[in-house]
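Remarks on the overall topology
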Amino acid sequence: NVLALTGDYPAMGYSGAAKPVFDIDSIGLLKLLQDMNRGLGVQLPNRARSSLQSTEFFLGAVATNFKLRENELVPQLLKLRKKVEVGARFIIGQIGFDARKASELIAYLRGNGLADLPLIGNVFLMSARLARFFRSGRIAGVVVSDAFCAMAERHAGDRRFFLELAAKQAAILRGLGYRGVYYGGIERMAELQAIIAIER
């Protein structure tokens, strides 16, 4: 399995700061990997053309659907469609805490002939400290509202609350029709087991 994503601009490089450029973005990477699956054609030094042995990568991509305005969201959805066209066979959603936005993403897939594409939700086990960090805007694409931060602060000492929150998110995503859940922010197996037990 390969999850192809563009990511953030690099900050550190060899012997100094990296240049803020990408040699290839997620769409280009998916296209390259899909071409490899088909037997990538290569130009040999003697000017002959040959094909490499086909690979068997199962390609996936990320969708960023937690955008507030139409002019921010539509380009992301159009990019998602392009990712599917060039080979993505599953999609993992961005970290987010808005069930309505999660429902918009699956509605978009269903309304655009992509209902069979496996969509995996993203559930991040939160804490008050993490809510403050995400609210700072240092993680691109992750949106945490003031209200969410205030709620996290009210429950800062209650780990069970955040485990239940993660379980509720997973249950909502599955109820919307997501095929599975990707869990992040979990440091101990006991936390994952607790979330799954609560969700059931």
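Everything discussed here concerns the structure shown above.
Within every chain, residues take consecutive numbers counted from 1 along the sequence as written. At least 70 in pLDDT is required for a residue's local features to be given in this predicted model, at least 80 for side-chain atom pairs to be given and counted, and no such filter applies to totals for whole chains, interfaces and linings, which use all residues. Side-chain measures were taken over the full set of non-hydrogen atoms in the model, leaving aside hydrogen atoms and water.

1. Structural notes on the environment of R38
The condition is simple: A run of DSSP states H or I qualifies as a helix once it reaches four residues; a run of E qualifies as a strand once it reaches two. Both are numbered from the N-terminal end. Here the term buried applies to any residue with accessible area under 20% of the maximum for its type, exposed to any over 50%, and partly exposed to those in between, with areas from a 1.4 Å probe on protein chains only.
Here R38 lies in the loop between α1 (26-37) and β4 (41-43). For R38, a relative accessible area of 60% puts it in the exposed group. Along the primary structure R38 and T64 are separated by 26 residues, whereas in three dimensions their C-alpha atoms are 28 Å apart.

2. Considerations on helix α2 (residues 70-85)
Cut-off, in case you're wondering: One less than the residue count of a helix, multiplied by 1.5 Å, gives the span that helix is expected to have. Summarising the geometry, the arc corresponds to the directions from the helix axis toward the C-beta atoms. Throughout, a contact is declared for two residues whenever any of their heavy atoms are within 4.5 Å.
With 16 residues, α2 extends 22 Å between its outermost C-alpha atoms, agreeing within 8% with the 22 Å of an ideal straight helix rising 1.5 Å per residue. Those residues of α2 that fall on the buried side of the exposure criterion are L73, L77, L80 and K83. Buried residues in α2, looked at end-on, bunch into an arc of 115 degrees, giving them a common side. Pointing more than 90 degrees away from the buried face of α2 are the exposed residues N71, L78 and E85. For α2, the elements touching its buried residues are α1, β6 (59-63), β7 (90-93) and α3 (99-111). G87 lies just past α2 and shows a positive phi near 130 degrees.

3. Things to note about the packing of α2 against α3
For clarity, the threshold we go by: Angular values range over 0 to 180 degrees, each being the angle between N-to-C directions of two axes fitted as lines to C-alpha atoms, with helices fitted over their stretch in contact. Working definition: roughly parallel below 35 degrees, roughly antiparallel above 145 degrees, roughly perpendicular at 65 to 115 degrees, and oblique for all remaining angles. Helix crossings get a hand from a simple test, with the near helix turned counterclockwise from the far one by less than a right angle marking a left-handed crossing and a clockwise turn marking a right-handed one. For this classification, the nonpolar set comprises Ala, Val, Leu, Ile, Met, Phe, Trp, Tyr, Cys and Pro, the charged set comprises Asp, Glu, Lys and Arg, and every other residue, Gly included, is treated as polar.
Interhelical geometry of α2 versus α3 gives an angle of 45 degrees and a closest axis separation of 12 Å. Relative to α3, α2 is oriented oblique. Handedness of the α2/α3 crossing: right-handed. Only K101, E104, L105, Y108 and L109 of α3 make contact with α2, whose side of the interface consists of L73, L77, L78, L80 and R81. By residue class, the composition of the contact of α2 with α3 is seven nonpolar, no polar and three charged.

4. Regarding the nonpolar core
Note the following rule: Remark: nonpolar core denotes a set of buried residues (Ala, Val, Leu, Ile, Met, Phe, Trp, Tyr, Cys) joined through side-chain atoms within 4.5 Å.
By size, the foremost hydrophobic cluster in this structure holds 49 residues, and its most contacted members are I91 and M126. With eight residues, the single largest contributor to this core is helix α6 (residues 159-176). The contacts of I91, once residues within four sequence positions are left out, are A61, V62, A63, L80, L117, P118, L119 and I120.

Such coordinate-based values are descriptive only and should not be taken to indicate function.
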